[in-house]
Amino acid sequence: MRFTKMHGAGNDYVYVDCFSESMPDNPPELARVISDRHKGVGGDGLILICPSERADARMRMFNADGSEAEMCGNGIRCVAKYVYDHDIARKETLEIETGAGVLSLDVFAENGLVEQVRVNMGAPILESERIPTTLAGDPPVKAPLEVAGRTLDVTCVSMGNPHCIAFVDEVNDEWVHGVGPQVEVHPAFPNRINAEFIQIVSPTEMIMRVWERGSGETQACGTGACASAVAGVLNGLTERKVLCHLPGGDLTLEWAESGEVYMTGPATEVFTGEWPDA
């Protein structure tokens, strides 16, 4: 099985082109073994680029633990790059089907290869039942969450997958590795949740680290950055357009007055190879 290693702002996945390769027999198991950074290719998970009856391609995304997620903001930018660069659909605006619906992406190419991608991530889901969470509010804003022996004020937003955002004075390992894993599996989140920790630099700039559901800390999380931008506005901390600094790079986010969230960031192809047991 041929594969391609790609990353969006350091959020790295192993990609399989199911237009030319057979669909893996057991994607969850393949995700677990191929994502292993010591015995496999290494990555935050596995993404399958598949034919679609509704769009230019369909993205299926599996976390490193084998669980299938609805969406991945950094992953979908890389899917768009692959679809354009490898002539599956050579269009400046692409439509990609995901578990969260069909999304529209604008690609920006230099010398025939995509460098940046702008994604219309759609409108955030703000109803607690649909996020889903048992915390009160539509959405929960500054909702008290008892976790890790403390009470944390959190804001919950879904961008097709669920996010729990906490604004802290300084983003550090204690928050991400000490509190993040406990937030992920907290009973208030029936489908588990991604935990974002945000340090506000200014009304137009933030620093973010994330503990991702099923993958642990990653270098970036596109849907999490979008959810955090929405949370910043809901909490009166940021403007509607903000630059987000993540360990793997920067993303530009805008919660437009029309309701949609737009994310612009890089997409990079690293290498290709062959996996013996698909």
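Residues numbered from 1 in each chain as written. Predicted model: local features only at pLDDT ≥ 70, side-chain atom pairs only at ≥ 80, totals over all residues. Heavy atoms only, no water.

1. Structural notes on unusual backbone geometry
Defined as follows: The secondary structure listing takes helices from DSSP runs of H or I that are at least 4 residues long and strands from runs of E that are at least 2 residues long, numbered from the N terminus. Burial here depends on accessible area, computed with a 1.4 Å probe over protein chains only, as a share of the maximum for the residue type. Under 20% is buried, over 50% is exposed, and the range in between is partly exposed.
The amide bond that connects Ile 131 to the next residue, Pro 132, takes the cis arrangement and shows omega of -10°. Among the structural elements, Pro 132 can be located in the loop between β8 (113-120) and β9 (143-147). The omega torsion of the bond from Asp 138 to Pro 139 falls at 5°, within 30 degrees of zero and hence cis. Relative to the helices and strands, Pro 139 is located in the loop between β8 and β9. Its identity as a non-glycine residue notwithstanding, Ala 9 has a phi of 55°, on the positive side. As for its position among the elements, Ala 9 is in the loop between β1 (2-8) and β2 (11-17). Its identity is not glycine, yet Asn 111 carries a phi of approximately 55°, on the positive side. Tracing the backbone shows Asn 111 in the loop between β7 (101-110) and β8. Owing to a relative accessible area of 83%, Asn 111 belongs among the exposed residues under this scheme.

2. Points about the nonpolar core
One broad trend across soluble globular proteins is that nonpolar side chains are buried collectively. Convention followed: Working definition of a nonpolar core: buried Ala, Val, Leu, Ile, Met, Phe, Trp, Tyr and Cys residues. They are joined through side-chain atoms within 4.5 Å. In what follows, a contact means two residues having at least one pair of non-hydrogen atoms within 4.5 Å.
Ranked by internal contacts, the top residues of the largest apolar core, which has 54 residues, are Met 59, Met 121 and Leu 253. Not counting residues within four places of it along the chain, the set of residues in contact with Met 59 comprises Ile 47, Leu 48, Met 71, Cys 72, Gly 75, Ile 76, Val 79, Ile 96, Glu 97 and Thr 98. Counting 22 residues, the second-largest nonpolar core is a separate cluster that includes Ala 166, Trp 175, Val 176 and Val 179.

3. Description of the environment of Val 83
When you line up the elements, Val 83 lands in helix α2 (residues 73-85). Assessed through its relative accessible area of 0%, Val 83 is described here as buried. Considered as a pair, Val 83 and Ile 96 are 13 residues apart in the sequence and their alpha carbons are 9.5 Å apart. In contact with Val 83, other than residues within four places in its own chain, are Ile 49, Ala 57, Ile 88, Ala 89, Leu 94 and Ile 96.

4. Section: empty space enclosed by the protein
Inclusion rule: Only protein atoms enter the calculation, which uses a 1 Å grid: trapped sets of points that fit a 1.4 Å probe without letting it out are cavities, open sets showing protein on both sides within 12 Å along at least five of seven lines are pockets, and any residue with an atom within 4 Å of a point is a lining residue. Grid points are joined across faces, edges and corners, and a volume is the space filled by probe spheres set on the points. Put simply, Ala, Val, Leu, Ile, Met, Phe, Trp, Tyr, Cys and Pro go in the nonpolar bin, Asp, Glu, Lys and Arg in the charged bin, and everything else, Gly too, in the polar bin.
Inspection of the entire model under this criterion finds one cavity of 30 Å³ or more. One number sums up the size of the largest cavity: a volume of about 60 Å³. Taken together, Met 61, Asn 63, Ala 69, Met 71, Cys 72, Asn 161, Asn 194, Glu 212, Arg 213, Cys 221 and Thr 223 form the lining of the largest cavity. Each residue belonging to the lining of the largest cavity can be placed in one class, and the counts come to five nonpolar, four polar and two charged.

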